[in-house]
Amino acid sequence: MVLFAAAFALLSAIAAVPMGRLVDRFGEPVFLVVGGLLMGAGALLTVTADTIPLLAFSQAALGLGQLASVVASQTLVGRKGDRKTRSARFGLYAAGAAIGQLIGPLV
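Residues numbered from 1 in each chain as written. Predicted model: local features only at pLDDT ≥ 70, side-chain atom pairs only at ≥ 80, totals over all residues. Heavy atoms only, no water.

### Section: the overall build of the chain
Stage number 1. Counting its secondary structure elements, the chain contains four helices and zero strands.
Stage number 2. Starting at the N terminus and walking to the C terminus, you meet the elements of the chain as α-α-α-α.
Stage number 3. In terms of overall dimensions, the chain has C-alpha extents of about 50 × 35 × 20 Å along its principal axes.
Stage number 4. Looking at the 107 residues of the chain, the share that counts as buried comes to 28%.
Stage number 5. Considering only residue pairs separated by 6 or more positions, the chain has 64% of its internal contacts joining residues 24 or more positions apart. (Helix = DSSP H or I, 4+ residues; strand = E, 2+ residues; numbered from the N terminus. Buried < 20%, exposed > 50% of the residue type's maximum accessible area, 1.4 Å probe, protein only. Contact = heavy atoms within 4.5 Å.)

### Side note on the pattern of salt bridges
Stage number 1. Going through the model one piece at a time under the given rule, you end up with two salt bridges.
Stage number 2. For Arg 79, the salt bridge identified is with Asp 24, shortest N-O distance 2.9 Å. Highlighted residues: Arg 79 in helix H3 (residues 52-79) and Asp 24 in helix H1 (residues 2-26), separated in sequence by 55 residues.
Stage number 3. Close ionic contact of Arg 79 with Glu 28 constitutes a salt bridge, the shortest N to O distance being 3.0 Å. A residue pair is termed long-range when its members are at least 10 positions apart, and Arg 79 in helix H3 and Glu 28 in helix H2 (residues 28-48) qualify at 51 residues.
Stage number 4. Here the salt bridges do not stand alone but share partners, grouping Asp 24, Glu 28 and Arg 79 into one network. (Salt bridge = Lys/Arg side-chain N within 4 Å of Asp/Glu carboxyl O.)

### What to know about the side chain of Arg 89
Stage number 1. Mapping Arg 89 onto the fold places it in helix H4 (residues 86-106).
Stage number 2. Comment: no salt bridge for buried Arg 89; closest opposite-charge side chain is Asp 82, at 4.5 Å.
Stage number 3. Not counting chain neighbours up to four residues away, the residues in contact with Arg 89 comprise Val 77, Gly 78, Lys 80, Gly 81 and Asp 82. (Lys, Arg positive; Asp, Glu negative; His and termini not counted.)

This is the structure in structure tokens:
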């Protein structure tokens, strides 16, 4: 179990700063799509994996996809509108994410 958590988090922790730079360079929409594709591929691989290394790889793909999506969406929220409403937008973004994390497991 620790191996899978490490596979999910370690690669993402290493890639976080370079991912932010890439999002700045290429734009948020590209990384929203890339993140969605990586998460979808990771989920499909999780279901079909028949070995421990393949399952760990699927978790790494899920982690990178989640990182790409979160960095892109946070950048998108930060760049829209004016400086006066930025805190309110981030607050709504965080509240929406928290509600999704509450409801998602129930669904």
